[in-house]
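# Summary of structural features
Letter by letter, the chains look like this.
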Amino acid sequence: GDSVTQMEGPVTLSEEAFLTINCTYTATGYPSLFWYVQYPGEGLQLLLKATKADDKGSNKGFEATYRKETTSFHLEKGSVQVSDSAVYFCALSDRGGATNKLIFGTGTLLAVQP
Amino acid sequence: DSGVTQTPKHLITATGQRVTLRCSPRSGDLSVYWYQQSLDQGLQFLIQYYNGEERAKGNILERFSAQQFPDLHSELNLSSLELGDSALYFCASSVEFGATTEAFFGQGTRLTVV
């Protein structure tokens, strides 16, 4: 079945450092890809998305590019802030199926230190 | 605020009991999804409803059931509770199924079984 694999955390960075969180996927169809963020004590919020190959999603300084050839959707940010500390989830949704339920990776905890 | 409302926010109950979690989707959203988030299992898809009908089932135990009512709110019923059912239960909603639209999550219900 479809699945998402994320890099293990936690990831600890200093403020203004460059961030990469790796995400690869396995899917039989043509999925849409998402990054969700969960701040402490809150629900998941959509951070960005990409719906087809070579699309780049971006929001709040975060970017991810849908790479079909490597089945990847890595999250990047050029300069992280303490306020970016959260758990980040990569997810896919199979557009061709009868449902667009989201399949999530295990999440990566990001801790940014001042 | 995602527009998805879940009640209650916290629930503490004893083993063997039954509880009902409630979700009101965003206005206009026809699809409702239930997810369970636990430390050992991560985010697991439980079940999806679309306009009152069950559309997809994930890793939902037989002791659990859900329904979506004509006003589109949904309830997740958990019975014969066990300690291992302690988790965060999230509801999400989206406009339709089989599309590339993202899902919006509520803040979750934290269930503690003692």
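Residues numbered from 1 in each chain as written. Chains lettered and ligands numbered in written order. Predicted model: local features only at pLDDT ≥ 70, side-chain atom pairs only at ≥ 80, totals over all residues. Heavy atoms only, no water.

## What to know about the state of the cysteines
Residues and elements named next belong to chain A. Scanning all chains against the criterion turns up 2 disulfides over all chains. Between the sulfur of Cys-23 and that of Cys-90 lies a disulfide, 1.9 Å long from S to S. On the S-S bond that ties Cys-23 to Cys-90, the torsion sits near -70 degrees, and the link is left-handed. Residue Cys-23 is found in strand β4 (residues 23–26), and its partner Cys-90 is found in strand β10 (residues 86–94); the two are separated by 67 residues along the sequence. (Disulfide = S-S within 2.5 Å. Helix = DSSP H or I, 4+ residues; strand = E, 2+ residues; numbered from the N terminus.)

## Some words on the side chain of Ser-72 of chain A
Residues and elements named next belong to chain A. Inspection of the secondary structure puts Ser-72 in the loop between β8 (62–65) and β9 (75–77). A polar atom in the side chain of Ser-72 sits 2.8 Å from the side chain of Thr-70. Aside from chain neighbours lying at most four places away, what touches Ser-72 is Cys-23, Thr-24, Tyr-25, Leu-33, Thr-65, Tyr-66 and Arg-67. (Polar contact = N/O pair within 3.5 Å; in protein donor to acceptor, adjacent residues only side chain to side chain. Contact = heavy atoms within 4.5 Å.)

## Observations regarding the sheet that holds strand β8 (residues 74–78) of chain B
All names here are of chain B. Ordered by their spatial adjacency, 4 strands build an open sheet running β1-β3-β8-β7, and the pairing between neighbours is antiparallel. Taken across any chain shown, the strands that pair with only one partner, and hence form the sheet edges, are β1 (5–7) and β7 (64–68). Direction aside, the axes of adjacent strands within the sheet are offset by 15 degrees on average. (Pairing = 2+ DSSP bridges. Axes fitted to C-alpha atoms, helices over the stretch in contact; angles between N-to-C directions.)

## Examining the environment of Arg-55 of chain B
Relative to the helices and strands, Arg-55 of chain B is located in strand β6 (residues 53–57). Linking Arg-55 of chain B and Val-32 of chain B, residues 23 residues apart in sequence, is a C-alpha distance of 9.7 Å.

## Some thoughts on the packing of aromatic side chains
The tally for this structure, following the rule as stated, stands at 12 aromatic pairs over all chains. On the numbers, 6.1 Å between centres and 85 degrees between planes, the contact of Phe-89 of chain A with Phe-104 of chain A is edge-to-face. On the criterion of sequence distance, the pair formed by Phe-89 of chain A in strand β10 and Phe-104 of chain A in strand β11 (residues 102–104) is long-range, its members being 15 residues apart. Both residues of the pair, Phe-89 of chain A and Phe-104 of chain A, belong to the buried class. Between the aromatic rings of Tyr-35 of chain B and Phe-105 of chain B, the centroid separation amounts to 5.6 Å while the plane-to-plane angle is 45 degrees, which identifies the pairing as tilted. Here Tyr-35 of chain B, found in strand β4 (residues 31–38), pairs with Phe-105 of chain B, found in strand β10 (residues 104–105); they are 70 residues apart in sequence, far enough to count as distant. Given the relative accessible area of 3%, Phe-105 of chain B is considered buried. In this structure an aromatic cluster arises from ring pairing among Phe-34, Tyr-36, Phe-89 and Phe-104 of chain A together with Tyr-35, Phe-45, Phe-90 and Phe-105 of chain B. For the cation-ring pair, Arg-26 of chain B lies above Phe-104 of chain B, with the distance from its terminal atom to the ring centre recorded as 3.7 Å. (Phe/Tyr/Trp six-rings, centres within 6.5 Å; stacked < 30°, edge-to-face > 60°. Buried < 20%, exposed > 50% of the residue type's maximum accessible area, 1.4 Å probe, protein only. Lys NZ or Arg CZ within 6 Å of the ring centre and 35° of its normal.)

## Here's the deal with the nonpolar core
Nonpolar side chains tend toward joint burial in soluble globular proteins. Formed by 26 residues in total, the largest nonpolar core has its most connected members in Leu-19, Trp-35, Leu-47, Leu-48, Phe-73, Leu-75 and Tyr-88 of chain A. Among the elements of the structure, β2 (11–14), β3 (19–21), β4, β5 (31–38), β6 (44–50), β8, β10 and β12 (108–113) of chain A are those that each provide at least two residues to this core. Broken down by element, the residue count for this core peaks at 4 residues, all from β10 of chain A. In this view, Tyr-88 of chain A contacts Gln-6, Ile-21, Trp-35, Tyr-36, Val-37, Leu-47, Phe-62, Leu-75, Gly-107, Thr-108 and Leu-110 of chain A; residues no more than four positions away in its chain are not counted. One finds Ile-60, Tyr-89, Cys-91 and Val-113 of chain B within the second-largest nonpolar core, a separate group that totals 21 residues. (Core = buried A, V, L, I, M, F, W, Y, C linked by side-chain atoms within 4.5 Å.)

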